[in-house]
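Results of the structural survey
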Amino acid sequence: MIDVRFYENRDLDSVNTILEEEFKVSKSNFNNSSIKEIVALDNGKVCGYLLLTKVLNPILNKYYYLVDYVCVSSSYRGRGVGKKLLSFAEEIALRDDAIYLQLTCSSFRVAAHKLYESCGFIKRDSDIFRKVLKWF
C-alpha cells in the first residue's frame, strides 16, 4: 500500500536516487516555509517525490502553488504513486485556500502528460520562455 506524507530529512538519499534517475539532479536538505516537499512510500520505502512552492499572485492577492519535480521510481510507475502525490498536493493547496496548482512539463514526457490530465490538470495553449542568467 502506498502512503504519502511530508518529506523528512532522513528521506534525502532515497529522494536523490529518484531525482537522479528522472531529472539528473540531486537536492540537499533545506528549510523554507514557502516550500513543501512530499514523498510517497511503499512499506516505508520512498518511491516518489513532489515539490510544492507557494506563490503570491500580487494582482489578485491570492496564493497558488507551483508543482515541480514530480517523480516516481521506475519500478513503481503505473501503480498510482503519481496520482497519490498530486492528490496530497491538491489537499494542501485547498487547505491553504490556493486558487490553483500549476506545473510545466517537457513535451517528450508523454506519460507524465497523461497523469496530469487524469488528475484534472488542463494543458494551456502557451509556451514557456526562459532566459538563463546563471548556469548551476
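Before going into details, it helps to say that this report is about the structure given with it. Remember, it's a predicted structure, so these values are computed and weren't measured experimentally.

A few words on the overall build of the protein. Scanning the protein from N- to C-terminus turns up three helices and five strands. In sequence order, the protein lays out its α and β elements as β-α-β-β-β-α-β-α. Relative to its length of 136 residues, the protein is compact, with a C-alpha radius of gyration of 15 Å against a globular reference of 14 Å. The contacts of the protein with a sequence gap of at least 6 include a subset with a gap of at least 24, amounting to 57%.

We now examine the layout of surface pockets. In this model, the largest pocket occupies a volume close to 1,400 Å³. Together, 32 residues line the largest pocket, and Leu-103, Thr-104, Cys-105, Ser-106 and Ile-128 are the ones closest to its centre. A per-element tally of the lining of the largest pocket places strand β4 (residues 62–72) first, with five residues. Approximately 380 Å³ is the volume attributed to the second largest pocket. Residue lining of the second largest pocket: 19 residues in total, with Val-72, Arg-77, Ala-111, Ala-112 and Leu-115 positioned closest to the centre. For the lining of the second largest pocket, the secondary-structure elements that each account for two or more residues are β4, α2 (81–95) and α3 (110–118). Here the element with the most residues in the lining of the second largest pocket is α3; it accounts for six residues.

Moving on: the pattern of salt bridges. In total, this model carries eight salt bridges according to the counting rule given. Of the charged contacts, one joins Glu-37 and Lys-27 as a salt bridge, the two residues approaching to 3.1 Å between their closest N and O atoms. In this pair, Glu-37 is assigned in strand β2 (residues 35–42) and Lys-27 in the loop between α1 (12–23) and β2, connecting sequence segments ten residues apart. When sorted by exposure, Glu-37 lands in the same class as Lys-27, which is buried. As a salt-bridge pair, Asp-42 and Arg-79 come within 4.0 Å of each other at their nearest N and O atoms. Pair noted here: Asp-42 is in strand β2 and Arg-79 is in the loop between β4 and α2, with a separation of 37 residues, a long-range link. For Arg-79, a relative accessible area of 48% corresponds to the partly exposed category. It is possible to trace a salt-bridge network through shared partners that takes in Arg-5, Glu-8, Arg-10 and Asp-11.

Thresholds, definitions, all that
Residues numbered from 1 in each chain as written. Predicted model: local features only at pLDDT ≥ 70, side-chain atom pairs only at ≥ 80, totals over all residues. Heavy atoms only, no water. Helix = DSSP H or I, 4+ residues; strand = E, 2+ residues; numbered from the N terminus. Rg over C-alpha atoms; globule rule 2.2 N^0.38 Å. Contact = heavy atoms within 4.5 Å. 1 Å grid on protein atoms, 1.4 Å probe; cavity = no way out; pocket = protein on both sides within 12 Å on 5 of 7 lines; lining within 4 Å. Points joined across faces, edges and corners; volume = space filled by probe spheres on them. Salt bridge = Lys/Arg side-chain N within 4 Å of Asp/Glu carboxyl O. Buried < 20%, exposed > 50% of the residue type's maximum accessible area, 1.4 Å probe, protein only.

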